[in-house]
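Structural characterization, general
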Amino acid sequence: MTVTDRSQELITVAAQAAADKLAHDIIAFDVSEVLSITDAFLIASAANDRQVRAIAEEIEDQLREKLDAKPVRREGEREGRWILLDYLDIVVHVQHSEERSFYSLDRLWKDCPELPIPADALATRNRPENAVTDAAGNAVSGGDL
């Protein structure tokens, strides 16, 4: 079994939204063969709690606006270290870099096939952790703060 077209569509929009808010190391896995509860995971990281929240909010906004999708569950908002957005078809993990390193979801799911994500999201695998953002999590050049 592979991900549905709907799941891939959700992953694509969510990955682009995360990239737009300067997430780094964005990756998506097809977990449909090993999990019956969801088709795919999207994992993205941020350097600070504020940015974790901004990325999760942007993903929610874009999925609602473009695909009329709302999460059935949202966890971790208060702490801002690891926000989980459950859309049933996909589960989005936005993690602080330290949590990402400690829990190592990438390593846990490395045997699952990677899903295609937009070029902007792929490029985040080389994005520095300390990319500069404004209070809303938008990219800015170093002197614009």
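The preceding data block contains the structure.
Before going into details, it helps to say that this report is about the structure given with it.

Criteria and cut-off values
Residues numbered from 1 in each chain as written. Predicted model: local features only at pLDDT ≥ 70, side-chain atom pairs only at ≥ 80, totals over all residues. Heavy atoms only, no water. Helix = DSSP H or I, 4+ residues; strand = E, 2+ residues; numbered from the N terminus. Buried < 20%, exposed > 50% of the residue type's maximum accessible area, 1.4 Å probe, protein only. Contact = heavy atoms within 4.5 Å. Areas by Shrake-Rupley, 256 points an atom, 1.4 Å probe, with all protein chains shown as cover. Axes fitted to C-alpha atoms, helices over the stretch in contact; angles between N-to-C directions. Parallel < 35°, antiparallel > 145°, perpendicular 65-115°, else oblique. Left-handed = near helix turned anticlockwise from the far one by under 90°. Nonpolar A, V, L, I, M, F, W, Y, C, P; charged D, E, K, R; others polar. Pairing = 2+ DSSP bridges.

**Some points on the overall build of the protein**
Helix and strand counts for the protein stand at five helices and five strands. Listed N to C, the secondary structure of the protein is α-β-β-α-β-β-β-α-α-α in terms of helices and strands. In the protein, buried positions account for 49% of the 145 residues. Taking the contacts inside the protein whose residues are at least 6 apart along the sequence as the reference set, 66% of them involve residues at least 24 apart. Of the roughly 7300 Å² of accessible surface on the protein, 49% is carried by carbon and sulfur atoms.

**Section: the packing of helix α1 (residues 5-20) against helix α2 (residues 49-67)**
Two numbers describe how α1 lies on α2: the axes approach to 8 Å, and their chain directions differ by 135°. The angle between α1 and α2 places the two elements in the oblique class. By crossing handedness, the relation of α1 to α2 is classed as right-handed. Every residue of α2 that contacts α1 at Arg-6, Glu-9, Leu-10, Val-13, Ala-14, Ala-17 and Ala-18 is listed here: Ile-55, Glu-58, Ile-59, Gln-62, Leu-63, Lys-66 and Leu-67. Looking at the contact of α1 with α2 residue by residue, the classes come out as nine nonpolar, one polar and four charged.

**A few points about the pairing of strand β4 (residues 82-86)**
Across the five residues of β4, four count as buried, placing the element largely inside the fold. Here three bridges tie strand β3 (residues 73-75) to β4, and the two strands are oriented antiparallel to one another. By the bridge assignment for β4, Arg-73 is matched with Asp-86. Where β3 folds back on β4, the antiparallel hairpin that results is connected by six residues, among which Gly-76 adopts a positive phi of roughly 90°. Taken together, the five bridges between β4 and strand β5 (residues 90-96) define a ladder with antiparallel strand orientation. Following the sheet pairing, Ile-83 is matched in β5 by Val-94.

**A look at the environment of Ala-23**
Here Ala-23 lies in the loop between α1 and β1 (24-30). When the C-alpha positions of Ala-23 and Ala-121 are compared, they lie 8.3 Å apart, and in sequence the two are 98 residues distant.

**What to know about the environment of Glu-57**
With respect to the secondary-structure elements, Glu-57 resides in helix α2. Sequence spacing of Glu-57 and Ala-17 is 40 residues, and the spatial spacing of their C-alpha atoms is 9.2 Å. Setting aside anything within four residues of it in sequence, one finds Glu-57 in contact with Arg-74 and Glu-77.

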